[in-house]
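Here is what each chain is made of, one letter per residue.
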Amino acid sequence: MVLGRQGREVESPDPQGGKASGSSQEDGGAGQQATGEEAATSTRAASRLAEPAHRGKDAHETPRARTVGVITPYLDGSFWNPVLKGIHETAQQHGCRTIVMRGTPASLQAPSLARDLVDGWILVIAVDGIAQLAGARVPLVVVGTDAHEGNCPSVIPDNRSGIRSAVRHLIKHGHRRIAFVGCFEESDVRERFEAYRATLAEAGIPLDPDLVIRTSDSWYPGGESAAPQLLAQRHACTAAVFGTDKNALAMMPLLKAAGVRIPEDMAIVGFDDVPDAQTADPPLTTVRQRFEMLGSAACDLILSMLAGETSPPQLVLTQNTLIQRTSCGCDVIQSLLDQDAAPGEDAGGDLDRRLVELLLAPQRLAPGLSPAAVWPGVALVLAGYSAAIEGTAPPPAKALEHAYQQAVGIAPDMGTLMALVRLLRRSHARLGGDAASAERVEAFLDSARLAIARSRLHVETDALAQVGLLVRSNYEVGLALLSGSQQESLSLSWLAKTPALWGCLALREDATTLVVAGAYSRDGSATPAIGGRHRVEAFPPADLLPPSAASGAHMMLLLPIRTARRDWGILALIGPTLRELTRDEGTVGVWASLLGAALERNELVQSLSAKHAELQDAYGTERALSETVRELGCPLIPLLPGVLLVPLVGAIDRGRALQVLTAVTEGVGRHAARFVLLDITGVPAVDAEVAHALGQTSRAVTLLGARLILVGVRPEIARSLVDVELGDLSTYASLAGVLHELTTGKLRREGAKRRSARNA
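What this report covers is the structure whose coordinates are included nearby. (Residues numbered from 1 in each chain as written. Predicted model: local features only at pLDDT ≥ 70, side-chain atom pairs only at ≥ 80, totals over all residues. Heavy atoms only, no water.)

**Thoughts on the environment of G524**
Structurally, the position occupied by G524 is in the loop between β18 (513–521) and β19 (533–535). Relative accessible area serves as the criterion here: at 63%, G524 is assigned to the exposed category. (Helix = DSSP H or I, 4+ residues; strand = E, 2+ residues; numbered from the N terminus. Buried < 20%, exposed > 50% of the residue type's maximum accessible area, 1.4 Å probe, protein only.)

**Looking at the packing of helix α6 (residues 220–232) against helix α7 (residues 245–257)**
Contact geometry of α6 with α7 gives a least axis separation of 7 Å together with a crossing angle of 50°. The orientation of α6 with respect to α7, classified from their angle, is oblique. In this structure, α6 crosses over α7, and the sense of that crossing is right-handed. Every residue of α7 that contacts α6 at Y220, G222, G223, E224, A226, A227, L230 and L231 is listed here: K246, N247, L249, A250, M251, L254 and L255. Class assignment of the residues belonging to the contact of α6 with α7 gives a composition of 10 nonpolar, 3 polar and 2 charged. (Axes fitted to C-alpha atoms, helices over the stretch in contact; angles between N-to-C directions. Parallel < 35°, antiparallel > 145°, perpendicular 65-115°, else oblique. Left-handed = near helix turned anticlockwise from the far one by under 90°. Contact = heavy atoms within 4.5 Å. Nonpolar A, V, L, I, M, F, W, Y, C, P; charged D, E, K, R; others polar.)

**Topic: helix α20 (residues 654–671)**
In an α-helix, one full turn covers 3.6 residues, which means residues spaced three or four apart are oriented alike. Taking 1.5 Å of rise per residue, 18 residues should cover 26 Å, and α20 covers 26 Å from first to last C-alpha, within 8% of that figure. For α20, the full list of buried residues reads R656, A657, Q659, V660, A663, V664, G667 and V668. In a view along the axis of α20, the buried residues occupy a sector of 160°, so they form one face of it. Facing away from the buried side of α20 by more than 90 degrees, the exposed set consists of R654, L658 and G669. Positive backbone phi, at 50°, marks A672, one or two positions downstream of α20. (Expected span 1.5 Å × (residues − 1). Arc of directions from axis to C-beta.)

**Considerations on unusual backbone geometry**
The amide bond that connects I262 to the next residue, P263, takes the cis arrangement and shows omega of 10°. If you trace the backbone, P263 turns up in the loop between α7 and β13 (267–272). Going from A361 to P362, the amide bond is cis rather than trans, its omega being 15°. Positionally, P362 belongs in the loop between α10 (351–360) and α11 (371–374). Here the phi dihedral of D272 falls at roughly 135°; this positive angle occurs in a residue that is not glycine.

**Comments concerning the pattern of salt bridges**
In a structure, side chains of opposite charge can pair up when their charged atoms sit close to one another. Evaluation of the coordinates by the stated rule reveals 30 salt bridges. Residue R177 pairs with D208 through a salt bridge whose shortest N-O separation is 2.6 Å. One end of the pair, R177, is in the loop between α4 (159–172) and β10 (178–182); the other, D208, is in the loop between α5 (187–202) and β11 (212–214), and 31 residues separate them in sequence. What makes R177 partly exposed here is its relative accessible area of 35%. Between R562 and D567 there is a salt bridge, and its shortest N-O distance comes to 3.7 Å. Among the residues examined, R562 registers a relative accessible area of 36% and is labelled partly exposed. Through salt bridges with shared partners, a single ionic network connects R115, D116, R535 and E537. (Salt bridge = Lys/Arg side-chain N within 4 Å of Asp/Glu carboxyl O.)

**Re the sheet that holds β11**
Taken together, the 6 strands give an open sheet; going across it, the order is β11-β10-β12-β13-β14-β16, and neighbouring strands pair in mixed fashion. In this open sheet, the two strands that pair with only one neighbour each are β11 and β16 (320–323). Going from strand to strand, the sheet's axes swing by 20° on average, the running direction of each strand aside. The pairing of β10 with strand β12 (residues 239–242) spans 4 bridges and is parallel. Paired with V181 across the strands is F242, a residue of β12. Sitting on the sheet, α7 is in contact with β10, β12, β13 and β14 (285–289), with an inclination near 155° to β13. (Pairing = 2+ DSSP bridges.)

**Here we look at the packing of aromatic side chains**
Scanning all chains against the criterion turns up 9 aromatic pairs. On the basis of an interplanar angle of 40° and a centroid distance of 5.2 Å, the ring pair of F180 and Y196 is categorised as tilted. Taken as a pair, F180 in strand β10 and Y196 in helix α5 lie far apart in primary sequence, 16 residues in all. The exposure classification of F180 matches that of Y196, with both residues buried. Through a chain of ring-to-ring contacts, the aromatic side chains of Y74, F79, W80 and F291 assemble into a single cluster. Lying across the ring of F271, R192 places its NZ or CZ 3.7 Å from the centre. (Phe/Tyr/Trp six-rings, centres within 6.5 Å; stacked < 30°, edge-to-face > 60°. Lys NZ or Arg CZ within 6 Å of the ring centre and 35° of its normal.)

**Section: helix α13 (residues 397–410)**
Taking 1.5 Å as the rise per residue, α13 with 14 residues should run 20 Å; its terminal C-alpha atoms sit 20 Å apart, in good agreement. Residues of α13 that are buried include every one of L400, E401, A403, Y404, A407 and V408, and no others. Projected down its long axis, α13 shows its buried positions confined to an angular sector of 155°, all on one face. Turned more than 90 degrees away from the buried face of α13, the exposed residues are K398 and G409. Buried residues along α13 sit against α10, α12 (378–390), α14 (414–431) and α15 (435–483).

That is the geometry; function is a separate question.
Below you can see the structure in the form of structure tokens.
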């Protein structure tokens, strides 16, 4: 059942496509209503969606299925996966297909992406950018929050009635000091708090602000961080209602570690009935909601709007029920049976319906729908039950075990499954019978418990095996993307290591154009041509989708590929089922992140390669320039036969002095020089270190049989050379003077005399 504003009843589909109804409730906000007659009209309108749809005005255009676009920040987990499953299955029942986009309207720049393919939008919780999406003027529904900005219908849990039942139950247990714990940033939690406050007021219990505990989020960390606040009130309250199960499940171990006994010292009630609630210590009493109902109701609204309904209800509420477990001091099995049984009910011909409705709780089976349509094995179980009563041959054990496996697939909660067995026992007790019959029935029920336990264990074992496969798959994907070549990343060949059946990677050329960079098909289905350009609004190309996606049998996922530096593009994926493709929360997101990292790495490698080539070229140029500079820094000019002129310009440091020494000594040998004229006219100053280097040069030249003559010595330079051992170094004030003596032969004669004196 789904409730409209002010508690008016609206039909909602059951898991097999029928319509479930139930009693109206008094809670709800003000706003537009949806009556039962309006809902029936909506259903008839939605059924017309099975007719082929057309794009444009061309009557000869190929018809295609309607497409529901879903925008969600996450793809899996205890909330997201069932919501998406409900959307997809409802769309399938009406011959429509679904495209799921990971992100928010703002991050996806919706409605640009896939705009030409999508006929109606469903937005799951994250509403950032909803105004732009609403501006597209196509049907829009929000799931999980009451969105006012988009001026569109919202589908949310019946938070008020759920919390009311929880608080009333605690009051019935005798509790009057009841705390509320939750994250008030969430609209659902705020609504649950208002219901908590109103229910306390109805019971004449004043609200104590000290018993209102605010958490930082609705997840496990929020519950852990808020534990000290609740512990500080442990003697002031005897019970606590939590806005979410995850807040409660995270806080319970911390309360127990501090010595708080649950439920003896403090009763705990959560909201959601996530899978961990039944395995907690103690098992958590909680308000159960079927998240599939949210998705199914949202898809029903979209399809009705597409079929022509112009005034959908502004708010649709999905039903929930209180599941009583040990954390509040109750027996989960008995509580389920108490909710199932109406006064004066007996084990009549509706036993199969009651068994199925136990599995579906809080949903009810539509009056016109057979229980076998939901649980095909229910008739076989009842046949075995009747055989035990009558003492006739039972159905084959394997067939019965398969029937119980079906039940576990519908409701894996062990409390619910054990309630099925207890319902059968209670029905037999009402029928009466002899001791032999009672013994046979008890043996049948024992075998049922064992078969259910085995089936449940098989589910857990399979889940554990799937985790192992997931770890291995993600490892191989990470290895392929982060260690492989750019071609391997772009080709999407790594998708062969995942359950994906089809994929297409399109990179952004600009804000409006995507270019196909890679494609993958496990079964050989057509893929877009590499290098093909597509408008963002027309991606993925509808005419190249595999048949399973085009028909709606498989859901398509569109994953933005982004890094901190760049928005790379979109990865489109199609898998066997959403659950098999995503496995656990974040898995597909990990693939997208790894692919983004691989693309960025490849770009960086290419950039580094280009920079390396540039550096190599620059190094070659620098070496050539260095040689030129070196030559210019100490040029050797053959001035006369046997005479080298070395003009120096600019400051001389230690490095350049060494360069001069090397160049001059090499030049003496190369040019067979007898005289080296070292002209320092253009040198502004000579310090002690440079003067010492000049003395070394002079001595080195002398050892080579030549003579160094220092030209251009000014008074200030002469003063710096006073204490330097210059050997046979001669000095001249100008080049003209030394050239005169060279040309007259005076220097040559002096040189000959010096050599004779040394040899004497």
